[in-house]
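# Observations on chain architecture
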Amino acid sequence: MILNILTHFDYTLMIVSIGAALLGTVSGALGTYAVLRRQSLLGDAISHAALPGIAIAFLLTGSKTPLILVLGAAIAGWLGALLILSVVKLTRIKYDSALGIVLSTFFGFGLVLHTLIQRTGNANQAGLDTFLFGQAATILERDVLTMGILGGIALIIMLVFWKELKLLVFDEGFAASIGFPIRALDILLTGLLVIAIVLGLQAVGAVLMSAMLVAPAVAARQWTDKLNMMVLLAACFGALAGVSGTIISSSASRIPTGPTIVLCATVIVGFSIAFAPNRGLVWHRVRQQRHRRSLKVATDRLLKQQRQGGDAL
Amino acid sequence: MAMHQIEIQLTAIVVAVACALPGVFLVLRRMTLMSDAISHAILPGIVLAFFLTESLSSPLLILAAAGTGVLTVVFVELLQQTKLLKEDAAIGLTFPALFSIGVILISRFAGNVHLDMDAVLLGEIAYAHLNRLEVFGYNMGPVALYVMGTILVLNLAFILLFYKELKLATFDASLAAALGFAPTLIHYGLMTLVSVTTVGAFDAVGSILVVALIAGPPATAYLMTDSLGRMLILSAIIGSVNAISGYWLAYLFDVSIAGAIATMTLLIFGLTFLVVPERGLIAIARRRARQKWEFAQKMLVIHLLNHEGLPEAEAESEIAHLHEHLRWEPTFATQVVKYALNNRCVSQKETQLTLTEQGRAMARQVLVQ
């Protein structure tokens, strides 16, 4: 088994695995904030909203250079997120509806632009399938380098603003009252999420990218109550899901990488929810049983004492 | 207009209205994202049923997929009940996992079935009319129209029959429970409808854009009205307008119809967000500007009233010095004086300001408040 995996470990696979691991690390760490702020689905909206950006970047420059398309994706995703924030702030429309509208209509607009590109007969078009499901096999060394640099910058910004972001996550009202620029921090955090998402588009695609933000963070949450541990664990879980998903999908034919990575992340969540100490369901059940047993012992003893006491009388 | 154009538009309208009606309740109950989750999570159901029936519009497929949709809702709620994660995270975990299973199933058995991933995700209403219903050899029109028409009637019937219950469960779930209206039952009824509608619609518009049809018109209508009945009617109208204008936009530029309908949904929502009276961006900006001037005017009349008839009154009501007393920018002070003069709250005598009766009354009223 292990030998089998090792022989499979050729150069391409190694590059793809490193890419997936990087992606898992960055999205796991940054997803922690989204999950704690109950904005788990913001990533879903951003990744779908990125489509028109890619199309416009292509229409404007006519080039398929990944960096230009990624920039377009990032700008569109970020604009979508800002639109959500301002609709929620200025109208009575709730977060979920604003998110749903931005997600689907931006995507629809992207689809319109995409068919427009197709119609002009430009064979050089960026594939829609690639955007939707990613194409991990096409990850090259220079992509991994880009991912490393961009993801590294995002993580460094996260560390620099650690205290501010922590306060934003746990007590926004207090942060505002002692003079932190809440709105700016919100926009910054959204910007970091956007970076994580556009990094992941190539590997897992738009539809499944949200899972890469949510799953590692939810799994990590079960093991710890501390933010720094949670970020660290989420990054590790993300990397683990990335690498294991890549290896599994390469070991058999016709198993797409993106969905496999997502399923690996889901398995990690399932394991954590079941077995994490203290919070996990199994532990919860064990504790319940123990309480029940000790309660039974106590009542038995009490009854016995009463009976003996009654005898004495 | 050619026959097939009328058919496509009719189908688009029926799909849009069928989605908008349950959408109203999702928007009000803050559950819009459940439709996003359902529309993705039904994929494995569709794939498995497709293996059995080999047709995308058979009733069995719709039932199986709708069943998967309801299962998704149950699963999300079970996860939430563990109290180990919040609702948004539960949704964000469930549907990508189910969707992944669907994608893997399709690509593993892609050689054996004619199920195109793009068709499921994106749909194409222009092809929906190619699949026609034939009864005794007579051409009765596109199948999609009949499927969605049935679903529309179902949705209408459910909403009309349980209007009172839906209303109560939406606005005050605990009162509904206390009165014995079984809000859980209503909830699952609604979710079943959303599942069936989503499955019916994905053939035409695909599973991502169906969210635009479900959330867009109701949210737009929500900006316009405070009444549930009116919101339902407005949503249906807006949905139809989006569908028709989207069709012609697509016709004009020769692009994806479903995408164009979603684009029109965004445009009309954005337009409403800008111009709707009272709740629109422009109305908000104008109200804020007006409040700024009114507040400044009130400050001015109170200031004048405070010093009226006292020895320092002459110095305090000198127009040129007002900005010092009230700590305003000189230009702002001039503008406020002009505003107050226009409203006849003060009158000007050479360089002095005096209160009019109206201004005095205003200052007193503000001070009492």
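Here the structure is shown first, and the text comes after it.
So, here's what we can say about the structure. (Residues numbered from 1 in each chain as written. Chains lettered and ligands numbered in written order. Predicted model: local features only at pLDDT ≥ 70, side-chain atom pairs only at ≥ 80, totals over all residues. Heavy atoms only, no water.)

## Remarks on unusual backbone geometry
Going by this rule: Each helix corresponds to a stretch of at least 4 residues labelled H or I by DSSP, and each strand to a stretch of at least 2 residues labelled E; elements are numbered beginning at the N terminus.
The backbone of Asn278 of chain A sits at a positive phi, close to 75 degrees, despite the residue not being glycine. By the secondary structure assignment, Asn278 of chain A is in the loop between helix 13 (257–275) and helix 14 (281–312). You will see that Lys83 of chain B, though not glycine, has its phi angle at about 60 degrees, which is positive.

## Re the nonpolar core
As a reminder of what qualifies: For this analysis, a nonpolar core means a set of buried residues of the types Ala, Val, Leu, Ile, Met, Phe, Trp, Tyr and Cys, connected via side-chain atoms within 4.5 Å. Per-residue accessibility, obtained with a 1.4 Å probe over protein chains only, is compared with the maximum for each type, and a residue is labelled buried under 20%, exposed over 50%, and partly exposed between these values. Here, two residues are considered to be in contact whenever any of their heavy atoms come within 4.5 Å of each other.
Core analysis: the largest hydrophobic core is formed by 192 residues, its most contacted members being Phe131 of chain A together with Leu85 of chain B. A total of 22 residues in this core trace back to one element, the largest contributor, which is helix 11 (residues 183–222) of chain B. With residues up to four places along the chain from it excluded, the contact list for Leu85 of chain B reads Val218 and Ile273 of chain A together with Leu79, Gln80, Ala90 and Leu93 of chain B. One finds Val301, Phe332, Ala340 and Cys345 of chain B within the second-largest nonpolar core, a separate group that totals 19 residues.

## Let's talk about the interface of chain A and chain B
Note on interface size: it is often stated as the accessible area lost on association of the parts. Defined as follows: Buried area, as used here, totals the accessible surface that two parts lose on assembly, with accessibility defined by a 1.4 Å probe and the loss added over both. One speaks of a salt bridge when a side-chain nitrogen belonging to Lys or Arg is within 4 Å of a carboxyl oxygen belonging to Asp or Glu. Two N or O atoms form a polar contact when they lie within 3.5 Å of each other; inside protein one atom must be a possible hydrogen donor and the other a possible acceptor, and for residues adjacent in sequence the pair counts only when both atoms belong to side chains. Residues are sorted three ways: Asp, Glu, Lys and Arg are charged, Ala, Val, Leu, Ile, Met, Phe, Trp, Tyr, Cys and Pro are nonpolar, and all the rest, Gly among them, are polar.
Contact residues are listed per partner, giving 57 residues for chain A and 61 residues for chain B. Counting the surface lost from both chain A and chain B, the interface buries some 5,000 Å², and carbon and sulfur atoms represent 74% of this. Counting across the chain A and chain B interface gives one salt bridge. Salt-bridge contacts for Arg92 of chain A lead to Asp226 of chain B; the nearest nitrogen and oxygen are separated by 2.8 Å. Where chain A packs against chain B, one counts 12 residue pairs in polar contact (both at pLDDT 80 or more). Those elements that provide at least two residues to the side of chain A that touches chain B are helix 3 (42–61), helix 4 (66–90), helix 5 (95–119), helix 6 (128–133), helix 11 (206–223) and helix 13 of chain A. The biggest single contributor to the side of chain A that touches chain B is helix 5 of chain A, with 17 residues. The residue makeup of the side of chain A that touches chain B, split by class, is 32 nonpolar, 16 polar and nine charged.

## Focus on empty space enclosed by the protein
Residue and element names in this part refer to chain A. Our working rule: A cavity here means a set of points on a 1 Å grid, drawn over the protein atoms and nothing else, where a 1.4 Å probe fits but cannot get out; a pocket is an open set with protein on both sides within 12 Å along at least five of seven lines, and a residue lines either one if it has an atom within 4 Å of a point. Grid points are joined across faces, edges and corners, and a volume is the space filled by probe spheres set on the points.
On inspection of all chains with the given rule, the structure shows two cavities of 30 Å³ or more. The computed volume of the second largest cavity comes to approximately 30 Å³. Elements represented by at least two residues in the lining of the second largest cavity include exactly helix 2 (11–36) and helix 10 (182–204). Residue contributions to the lining of the second largest cavity peak at four residues, all from helix 10. Split by residue class, the lining of the second largest cavity holds five nonpolar, two polar and two charged.

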